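Structure assessment
Read off the chains here:
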Amino acid sequence: MFKIAVLVSGSGSNLQSIINNIKNGNLNCKLEIVIGDRPCYGIDRAKENGIEGVLVDRKIYKNNLCEEINNILATKEIDLVVLAGFLSIIDEKFVEKWKNKIINIHPSLLPKFGGKGMYGLKVHEAVVANKEKESGCTVHYVDSGVDSGQIILQAKVQVFSSDTAEVLQKRVLVEEHKLLPRAIGEIIKKK
Ligand code: GRF
């Protein structure tokens, strides 16, 4: 059975969509562990769904955060690491260790509105400020840059002139919840 680990920092709605897709049979894999880098609802969601949820606090582990996460993952046979709203920067050693086995979801049409400092609402604020006609989300492999790895799948949404960043964020999130399970499914199929 294909095994995945999900890394979170926030509410974990993308994590929930993975859990739902496993439960309803759309995704043929086991969610082995959820790791959070700060206390967050994502860890609670894991536990509520009978999945191991672990806090590796960035404030405690600091520069050793990735090493500690890797130590935990090394005790499992993980095929894919999924960053689903994980806010800490993944270090080069970790990227090298999980090369082609680590993916991220980003709430814009990369390469647009990606890179350092582009996360959460800031992405959508920038899209609205730039008067973009469309936005969306991207699932990509993680490399040593920020949001720069090979793109796996993208989904588009329309941006309306009346949109606030919050409204746009919600519209994009609906697509994220479909795109991330699809991307994981495609990777599983290829294996
Ligand atoms: C999503 O917008 C994702 O694209 C970004 O962080 C957000 C996480 O949301 N990387 P959630 O924690 O899955 O609800």
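The present account deals with the structure reproduced in this document. Since the model is a prediction, treat every value here as computed from it, not as a measurement. (Residues numbered from 1 in each chain as written. Predicted model: local features only at pLDDT ≥ 70, side-chain atom pairs only at ≥ 80, totals over all residues. Heavy atoms only, no water.)

**Focus on the overall build of the chain**
A tally of regular secondary structure across the chain gives seven helices and seven strands. The C-alpha radius of gyration of the chain comes to 16 Å, within 12% of the 16 Å expected for a compact globule of 191 residues. For the chain, the C-alpha atoms occupy an extent of roughly 50 × 40 × 30 Å along the three principal directions. When the 191 residues of the chain are sorted by exposure, 52% land in the buried category. A fraction of 64% describes how many contacts in the chain between residues 6 or more apart in sequence connect residues 24 or more apart. With an accessible surface of roughly 9,800 Å², the chain has 49% of that area assigned to carbon and sulfur atoms. Within the chain, the 23 negative side-chain charges are centred at a point lying 2 Å from the centre of the 27 positive side-chain charges. (Helix = DSSP H or I, 4+ residues; strand = E, 2+ residues; numbered from the N terminus. Rg over C-alpha atoms; globule rule 2.2 N^0.38 Å. Buried < 20%, exposed > 50% of the residue type's maximum accessible area, 1.4 Å probe, protein only. Contact = heavy atoms within 4.5 Å. Areas by Shrake-Rupley, 256 points an atom, 1.4 Å probe, with all protein chains shown as cover. Lys, Arg positive; Asp, Glu negative; His and termini not counted. Charge placed at Lys NZ, Arg CZ, Asp CG, Glu CD.)

**Points about the packing of aromatic side chains**
Ring pairs (aromatic) are described by centroid distance and by the angle formed between their planes. In this structure the tally under the stated criterion is one aromatic pair. Seen in terms of ring centroids, F94 and W98 are 6.2 Å apart; in terms of plane orientation they differ by 35°. Their pairing is tilted. Positioned above the aromatic ring of W98, the side-chain terminus of K97 is 4.7 Å from the ring centre. (Phe/Tyr/Trp six-rings, centres within 6.5 Å; stacked < 30°, edge-to-face > 60°. Lys NZ or Arg CZ within 6 Å of the ring centre and 35° of its normal.)

**As for unusual backbone geometry**
Of all residues except glycine, most have a negative phi; of all peptide bonds, most are trans. A cis amide bond, omega 10°, links L110 with the succeeding residue P111. By the element assignment, P111 lies in the loop between β5 (102-106) and α6 (121-129). Phi is positive for K62, which is not a glycine, with a value near 45°. Position of K62 relative to the elements: it lies in the loop between α3 (58-61) and α4 (65-73). Located in the positive-phi region is D147, a residue other than glycine, with phi close to 60°.

**Section: the site of the ligand**
What surrounds the ligand is the set G10, S11, G12, S13, N14, G85, I105, H106, P107 and E176. One nitrogen or oxygen atom from the main chain of N14 is found 2.8 Å from an oxygen atom belonging to the ligand. Within the side chain of E176, a nitrogen or oxygen atom sits 2.6 Å from an oxygen atom of the ligand. Here the ligand has 370 Å² of accessible area as a free molecule, and 83% of this is covered by the chains. In a pocket analysis with a 2 Å cut-off to the grid points, the ligand is assigned to the largest pocket. Within the residue set of the shell around the ligand, elements represented by two or more residues are α1 (13-23) and β5. Looking at side-chain class alone, the shell around the ligand contains two nonpolar, seven polar and one charged residues. (Near = heavy atom within 4 Å. Polar contact = N/O pair within 3.5 Å; in protein donor to acceptor, adjacent residues only side chain to side chain. 1 Å grid on protein atoms, 1.4 Å probe; cavity = no way out; pocket = protein on both sides within 12 Å on 5 of 7 lines; lining within 4 Å. Sits in = over half its atoms within 2 Å of the grid points. Nonpolar A, V, L, I, M, F, W, Y, C, P; charged D, E, K, R; others polar.)

**Comments concerning α4**
Among the residues of α4, those classed as buried are L65, C66, I69, N70, I72 and L73. Here the buried residues of α4 occupy an arc of 160° about the axis, which is enough to place them on one side. (Arc of directions from axis to C-beta.)

**Concerning the pairing of strand β6 (residues 134-141)**
Summarising burial for β6: seven of the eight residues are buried, a large majority. Of the strand pairs in this sheet, β5 and β6 are connected by four bridges, and their pairing is antiparallel. If you follow I105 over to β6, its bridge partner there is V139. Relative to strand β7 (residues 151-158), β6 is paired through seven bridges, and the arrangement is antiparallel. (Pairing = 2+ DSSP bridges.)

**A closer look at a negative patch on the surface**
Together, E67, D91, E92 and E96 make up a region of like negative charge exposed at the surface. Of note, E67 is situated in helix α4. (Patch = residues over 30% accessible without salt bridge, like charges linked within 9 Å, V, L, I, M, F, W, Y side chains within 5 Å. Salt bridge = Lys/Arg side-chain N within 4 Å of Asp/Glu carboxyl O.)

**Some points on the layout of surface pockets**
Here the largest pocket defines a volume of roughly 890 Å³. Residue lining of the largest pocket: 38 residues in total, with G85, F86, L87, I105 and Y119 positioned closest to the centre. Those elements that provide at least two residues to the lining of the largest pocket are α1, β5 and α7 (165-190). Here the residues of the lining of the largest pocket sort into 14 nonpolar, 20 polar and four charged. (Points joined across faces, edges and corners; volume = space filled by probe spheres on them.)

None of this, on its own, says anything about what the molecule does.
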